[in-house]
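Below are the chains, spelled out letter by letter.
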Amino acid sequence: MKFNKKYTLDIAEKILKIDSPSGFTFHAIDFLKKEAERLGYKTSLTQKGNLIIEVEGKKKEGARGVCAHTDTLGLMVRSIKSDGKLAVTKVGGPIMNTLDGEYCRIYTREGKVFTGTILSTSPSIHVYKDAGTLQRDQDTMEIRIDEIVKSKEDVEKLGICNGDFIAIDTKTEITKSGFIKSRFLDDKLSVAILFSVLESMTTNKIVPAKKTYFMITVYEEVGHGGSWIPMDIQELLGVDMGCIGLDLACTEYDVSICAKDSSGPYDYEMTNKLIEIAKKEKLSYAVDIYPMYGSDVSTALSSSNNIRGALIGPGVHASHGMERSHIQAVESSVKLVLEYIKQ
């Protein structure tokens, strides 16, 4: 099956540019819902906002689920300071020192959007002796708003309040050499992979072996994205980023098959099947263990769902920071998911 590189990169770039920190994902979900329907699929939304795309299979019994999450890391306004800057609290687990100097957008509850910059409270080497050594965390970072504000009252007049979401600029770039550089490839690159699978199924009239639910979740980064799944699902495949570093085998050019993460081992038979498919299709793959990692599948397994679960994803370098992957990893991931649902 020919890999539609253009479609995959186009959908990835589009969703990467839609701000969607956990809890503020409706713009991204609305875009993906319309795209799924354009491809000819039936969609629905759960109460918490997860997108469900139903694809009928050749067999009626034994439904499967495939999931990825479109929610990302972010920040929220913790309080407004007396000088007009914003104190922050984390949404999910961004590496705070990587945010120093990054641009951002503040979304008010009234629908206004303001731009700003994330900075440490000692932002100038010419003024602060600890500018280079200050620990960067949510207590020593703040937002400088791009508006004429000199006091807390000035900020309040703009309509900015405690609890407003702050989205971080992704700096998305796709290089001629095939690298995809951006914040939040975890997990929007996997969302693009699932939509590439859906596009390929539409174009090539592929019918999965069993009814398959494609699920795009919106609270994975805070731990409960996949806690509810349709009751007829018997096995759930998570597509999330593959980890790189330390003693891990995965690279930016591989699809990673996770045997175990912090929640424990994934299903033995499902994992074996995925490895067999990767070997048969001559995909570039690695099998790894992620000691500091959880997924929508591990959440579903711990939420009393009677399922088997497995986890794969494209290799992503520098996760929760300035991330990077390669189109080769994306292609292998698309092919692995396609072959999995056909069997």
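Right, let's walk through the structure included here. (Residues numbered from 1 in each chain as written. Predicted model: local features only at pLDDT ≥ 70, side-chain atom pairs only at ≥ 80, totals over all residues. Heavy atoms only, no water.)

**A closer look at the overall build of the protein**
Put simply, the rule is: Only runs of H or I of at least four residues qualify as helices and only runs of E of at least two qualify as strands under DSSP, and these elements are numbered from the N terminus. Every radius of gyration here is taken over C-alpha atoms, with the globule rule written as 2.2 Å times N^0.38, N being the number of residues. Should any heavy atoms of two residues lie within 4.5 Å, those residues are considered in contact. Only the protein chains shown count as cover for residues, and all accessible areas are computed by the Shrake-Rupley method using a 1.4 Å probe. When charges are counted, neither His nor the chain ends are considered; positive counts come from Lys and Arg and negative counts from Asp and Glu. Working definition for charges: the position is that of NZ of Lys, CZ of Arg, CG of Asp or CD of Glu.
Summing up its helical and strand segments, the protein has seven helices and 18 strands in all. Against the 2.2 N^0.38 benchmark of 20 Å for 343 residues, the protein shows a C-alpha radius of gyration of 21 Å, consistent with a compact globule. Taking as baseline every contact in the protein between residues at least 6 positions apart, the subset at least 24 positions apart corresponds to 75%. By element, 51% of the accessible surface of the protein is carried by carbon and sulfur atoms, the whole surface being about 15,200 Å². The protein carries 44 positive and 47 negative side-chain charges, and their two centres are separated by 4 Å.

**Describing the nonpolar core**
Filter applied, for reference: Here, nonpolar core means buried Ala, Val, Leu, Ile, Met, Phe, Trp, Tyr and Cys residues that are tied together by side-chain atoms lying within 4.5 Å of each other. Exposure classes here rest on a 1.4 Å probe applied to the protein chains alone. A residue is buried below 20% of its type maximum, exposed above 50%, and partly exposed in between.
Counting 71 residues, the largest nonpolar core has F195, M201, F214 and I312 as its most contacted members. Among the elements that take part in this core, helix α4 (residues 185-204) stands out by supplying ten residues, more than any other. Setting aside residues no more than four positions away along its own chain, M201 makes contact with Y41, V55, I206, P208, F214, L338 and I341. Of all hydrophobic cores here, the second largest spans 22 residues; its members include F114, I143, I160 and I168.

**Points about helix α2 (residues 26-38)**
Rules: Any helix carries an expected span of 1.5 Å times its number of residues minus one. When we speak of the arc, we mean the arc of directions from the helix axis to the C-beta atoms.
Between its first and last C-alpha, α2 extends 18 Å over 13 residues, near the 18 Å set by a 1.5 Å rise per residue. Looking at α2, one finds that the buried residues are A28, I29, L32, E35 and A36. Buried residues of α2, seen end-on, are gathered within an arc of 125° and therefore sit on one face of the element. For α2, the exposed residues set more than 90 degrees away from the buried face come down to K34 and R38. Residues of α2 that are buried sit in contact with α1 (5-16), β1 (42-45), β2 (51-55), α4 and β12 (210-217). Directly after α2, the chain includes G40, whose backbone phi takes a positive value near 100°.

**Observations regarding the packing of α1 against α4**
Keep this limit in mind: Convention adopted: a line fitted to C-alpha atoms gives each axis, helices being fitted over their contacting stretch, and angles between N-to-C directions are expressed from 0 to 180 degrees. What sets the label is the angle itself: under 35 degrees gives roughly parallel, over 145 gives roughly antiparallel, 65 to 115 gives roughly perpendicular, and the rest give oblique. Crossing handedness: left-handed means the near helix sits turned counterclockwise from the far one by under a right angle, and right-handed means the same turn made clockwise. Amino acids are sorted into nonpolar (Ala, Val, Leu, Ile, Met, Phe, Trp, Tyr, Cys and Pro), charged (Asp, Glu, Lys and Arg) and polar (every other residue, Gly among them).
Following both chains from N to C, one finds α1 and α4 inclined at 140°, their axes separated by 9 Å at the closest point. On the basis of their axis angle, the class for α1 and α4 is oblique. Regarding α1 and α4, the two cross each other, and that crossing is right-handed. Seen from α1, the contacting residues are Y7, T8, I11, A12, I15 and L16; seen from α4, they are L185, K188, L189, V191, A192, F195, S196 and E199. Class assignment of the residues belonging to the contact of α1 with α4 gives a composition of ten nonpolar, two polar and two charged.

**Here's the deal with the pairing of strand β6 (residues 103-107)**
On a regular strand, each side chain points to the face opposite its neighbour's, so the side chains alternate between the two faces of the sheet. Under the convention used in this document: The pairing criterion for strands is at least two bridges between them, as found by DSSP.
The pairing of β6 with strand β7 (residues 113-120) spans five bridges and is antiparallel. Bridge pairing links I106 to F114 in β7. Following β6, the chain reverses through five residues before pairing antiparallel with β7; G111 in that reversal takes a positive phi of roughly 95°. Bridge count between β6 and strand β9 (residues 165-168): four bridges; the pairing is antiparallel.

**Overview of the sheet that holds strand β18 (residues 323-326)**
In a beta sheet, neighbouring strands are held together by backbone hydrogen bonds and run either parallel or antiparallel to one another. The sheet built from three strands is open, its strands ordered β10-β11-β18 with antiparallel pairing. Sheet topology places β10 (173-174) and β18 at the edges, where each strand pairs with a single neighbour. Judged from the two bridges that link them, β10 and strand β11 (residues 179-182) form a sheet pairing that is antiparallel. By the bridge assignment, E173 is partnered in β11 with K181. Running over the sheet, α4 touches β11 and β18 and is turned about 30° from β18.

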